[in-house]
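Read off the chains here:
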Amino acid sequence: MMNLKLKVWRQKNAQDKGKIVDYNAKNVSPDMSFLEMLDIVNEELILKGQEPIVFDHDCREGICGMCSQTINGIPHGPERGTTVCQLHMRHFKDGDTIFIEPWRARAFPVMKDLIVDRSALDKIIQAGGFVSVDTGGCPDANSLPIAKDDAEDAMDAAACIGCGACVAACKNASAMLFVSAKVGHFAKLPQGKIERERRVQAMVKAMDDAGFGNCTNYYECEAVCPKEISVRFIALMNREYLRTINHLGRKKGAGGF
Amino acid sequence: MATLDSKVPSGPITEKWDKHRFDMKLVNPANKRKYSAIVVGSGLAGASAAASLAELGYQVSCFCYQDSPRRAHSIAAQGGINAAKNYPNDGDSIWRLFYDTVKGGDFRAREANVYRLAQVSGEIIDQCVAQGVPFARDYGGLLDNRSFGGALVSRTFYARGQTGQQLLLGAYSALARQIGLGTIKMFPRTEMLDLVVVDGRARGIVIRDMVTGKIQSFAADAVILATGGYSNVFFLSTNAIGCNVTATYRAYKRGAMFANPCYTQIHPTCIPVSGEHQSKLTLMSESLRNDGRIWVPLNKGEKRAANDIPEAERDYYLERKYPSYGNLAPRDISSRAAKQVCDEGRGVGDTGKGVYLDFRDAINRLGENVIRERYGNLFDMYERITGENPYQVPMRIYPALHYSMGGLWVDYNLMSNVPGLFVLGEANFSDHGANRLGASALMQGLADGYFIIPYTVGDFYVRSGVSKVTTDHDEFKKAEAEATDHMKKLLALRGKRTVVDIHRQLGKVLWEGCGMGRNEAGLKKALAEIPIIREEFWKNSIVTGGNEEINQALERAGRVADFLEFAELLVYDALMRRESCGGHFREESQTKEGEALRNDAEYSYVSAWEYTGVGKIPTLYKEPLTFENVMLAERSYK
């Protein structure tokens, strides 16, 4: 069993200035997940009549993308390829001090404590992160063979869970790894190629409008990505963007959807 | 009195859906925008329904409790999705998928619904591929299939171990496209608190904005619930923390019937509980049982580490009891056998509630590399959670709650007995009978949302007309006032126990009395204990904070309050069903060899319950199940 010192960001609401508050986490088992450790702290706070620390979480198995905490300065904490909910306390030792903060980015305003508003990511998908097919009338699934390598590349990109750690880790608060994962997923598939010009332009515009920064090749995003999505997709997105401009300088697919 | 007309069309089963589609009324394209639908939930069923209805031109509002519709728990499904494509040329057909599903459900599902599910299964795959879902492919570029439990053909399409994620992101992208086009209004971070029924018809919902605390209502011509299952009533399950019964339970309290609530699926291969702090359980794919051998020590109170226990002192109990199926015995059998050996005191791990799943022999036979190729990601996940390396020491696994086959009763049109209230996906009871086969949940969610509701809701609109009821109606005001009052009551709780602690207590009572094995005495004991826990909740729990803010303690309290009432319904259903079927082993109903014994003569029906008041015995209605196309047979595993 371990005893830990927590320094947690507490902020009453979006307007509040917020501050770091100290807590003690006592009798922490190494088998607990990080969120279960916070559950225990919260149970104690509730019993004392104090408001628990709020944080986003849901599936607790590393796939829904809801959990979002910066632990000792690193989004999702010290374990590579791991979300907060899958981080376990055996990676910490008795007496450790742990800083817990929300994602920090202009496009992700803090709503309360560790909860931020990530609706900007949804808006980017709404701008073009889809194939424009309605339900019904689709050709047989095997009518269009897709090379296994392309399907695997597409899957590598599609594995993105939309947590936003890439943004939180970037000194520019860039969402380019997130956006390029969706652009890359579709760029690798014939179904996605029909609308590739419109898609990349609409998504990049939505990304810029939301206030995300640009990529300056620090690759912090890749380092913290719980699904270890490669920055090569950012390069792919840049190529996709460039190819929308024809030799006369005219943009193809401008105007969005 | 509520009636139970399943509205299954007449005629041969192969022609029912075609005939019904012709008989249903159509809405003129220009008139579609006059009709509105509320969709609650944004998982596979909800997202696909919302997107498909909006594409047709209806006005759609969609609600979810997460911060984004992409996070619904469909995302966590690992294995795959079934479809009767017969791409591998191995003998599959719509008829065979239909048969396997009815048999897998232990003959407790409605034939006509299951046949239709099999019929539309192929179209689902076409739809998903067109959306860009990156299914696994072989070197020729065509789609790959794998096999799953309960079938002798390979009909499962998959995207690595993340099939649910990829299908959900496909449906989410269709939903997002419509949101972007302005045809769907999306309300994330919103929890449904009540259903509004006016003159016997569902007219809308009451919600709480989870950011501002504002309680308000929405009216529409149809209300579609796609709010998932209720396994979290057991506290520990593989469901997401937020999964709850509130939406369907509140609909039940407003007159909708709850069908087969005791049909819950217990999955044999989950990572065991490590202590009281445990908040949820994680599934390890069933596929591991292809190469892993399951065993426990022969002797009680064994203290040696797994690798120090000699071969002669190990009990490979599944291989011993079921020589032909061995470690691949079906989910229900494996789960029960694990509980049995642990109850005998031979369980492993600190808690004694676990069995070994050992890869030593497979690694010796095939080499570590082959095992890594097959299961590498699962082994990594296991190590991340337990800190143990399964290449070196056996995994420890134990059964856990995973899925609820029961749900709100619906007719062939997926409409409940309350006109205007439709229920899709895991939230309804319709297709899986007493046991769901692997890779069929994804199929059902998408079938309901993409290919069934777009037809049946249109027919309902034409037959019932545009609603003139608005949220100014008295029933809306009354429901809003009740919801507000309910929140106030919860916020006034200033006792000495946390809500989570009380939920944990409820879970233990249900797991003991109404888990894998059930008997009359145990069920009656649970029925006696649940009201006491409920009273404890309302007397001695504590909820902090206020309403007009993000308040997770309040959210949890509201969900647990409903679980505390729903639990009783679940146990009443289990008590009534004195037969073993699917995963439910009713100890009074077993063969001489101790196997599950179904009782077709007395229990071949759907139990549908009508609410009569908190703590009161609900009224049972029966929908008889008739099997005209499959022969009722005993499932044998030996």
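Look up a bit, the structure's there.
Reading the values: rules and limits
Residues numbered from 1 in each chain as written. Chains lettered and ligands numbered in written order. Predicted model: local features only at pLDDT ≥ 70, side-chain atom pairs only at ≥ 80, totals over all residues. Heavy atoms only, no water. Helix = DSSP H or I, 4+ residues; strand = E, 2+ residues; numbered from the N terminus. Expected span 1.5 Å × (residues − 1). Bend = angle between axes of the 7 residues up to and from the residue. Buried < 20%, exposed > 50% of the residue type's maximum accessible area, 1.4 Å probe, protein only. Pairing = 2+ DSSP bridges. Contact = heavy atoms within 4.5 Å. Polar contact = N/O pair within 3.5 Å; in protein donor to acceptor, adjacent residues only side chain to side chain. Buried area = accessible area lost by both parts, 1.4 Å probe. Salt bridge = Lys/Arg side-chain N within 4 Å of Asp/Glu carboxyl O.

Draft legend 1. Representation of helix 4 (residues 111-131) of chain B. Residues and elements named next belong to chain B. Look at helix 4: 30 Å from first C-alpha to last across 21 residues, which is about the 30 Å you get at 1.5 Å a residue. Along helix 4, the helix axis deviates most sharply at valine 120, where the bend reaches about 35°. Taken across its 21 residues, helix 4 has 19 buried, putting it largely inside the fold.

Draft legend 2. Structural view of the pairing of strand 7 (residues 190-198) of chain B. All names here are of chain B. Of all nine residues in strand 7, nine are buried; the element is thus mostly enclosed. Where strand 7 and strand 8 (residues 201-209) come together, eight bridges link them in antiparallel fashion. The residue bridging methionine 192 from the neighbouring strand is isoleucine 207, located in strand 8.

Draft legend 3. Inspection of the environment of alanine 120 of chain A at higher detail. All names here are of chain A. Structurally, alanine 120 can be placed in helix 2 (residues 119-128). Look at alanine 120 and you get buried, because its relative accessible area is 9%. Sequence spacing of alanine 120 and glycine 162 is 42 residues, and the spatial spacing of their C-alpha atoms is 11 Å. With residues near it in sequence (within four places) discarded, alanine 120 still touches Ala107, Ala210 and Phe212.

Draft legend 4. Structural view of the side chain of serine 48 of chain B. Residue and element names in this part refer to chain B. In this fold, serine 48 is placed in helix 2 (residues 44-56). At 2.6 Å, the side chain of serine 48 forms a polar contact with the backbone oxygen of leucine 44. Non-local contacts of serine 48, meaning those with residues more than four positions away in its chain, are made with Gly43, Ala171, Gly445, Leu446, Gly449 and Tyr450.

Draft legend 5. Molecular detail of the interface of chain B and chain A. At the junction of the two partners, chain B supplies 77 residues and chain A supplies 73 residues. Across the chain B/chain A interface, buried area totals approximately 6,300 Å², and carbon plus sulfur atoms make up 52% of it. The tally of links between chain B and chain A comes to nine salt bridges. Residues lysine 112 of chain A and glutamate 549 of chain B are paired through a salt bridge, measuring 3.0 Å at the closest nitrogen-oxygen approach.

Draft legend 6. Local environment of helix 2 of chain A. Of all ten residues making up helix 2 of chain A, seven are buried, and the element is well covered by its neighbours. Buried residues of helix 2 of chain A: Ala120, Leu121, Asp122, Ile124, Ile125, Gln126 and Gly128 of chain A, and no others. As for helix 2 of chain A, its buried residues are in contact with helix 5 (176-187) and helix 7 (196-209) of chain A together with helix 5 (163-181) of chain B.

These figures come from the coordinates and say nothing about function on their own.
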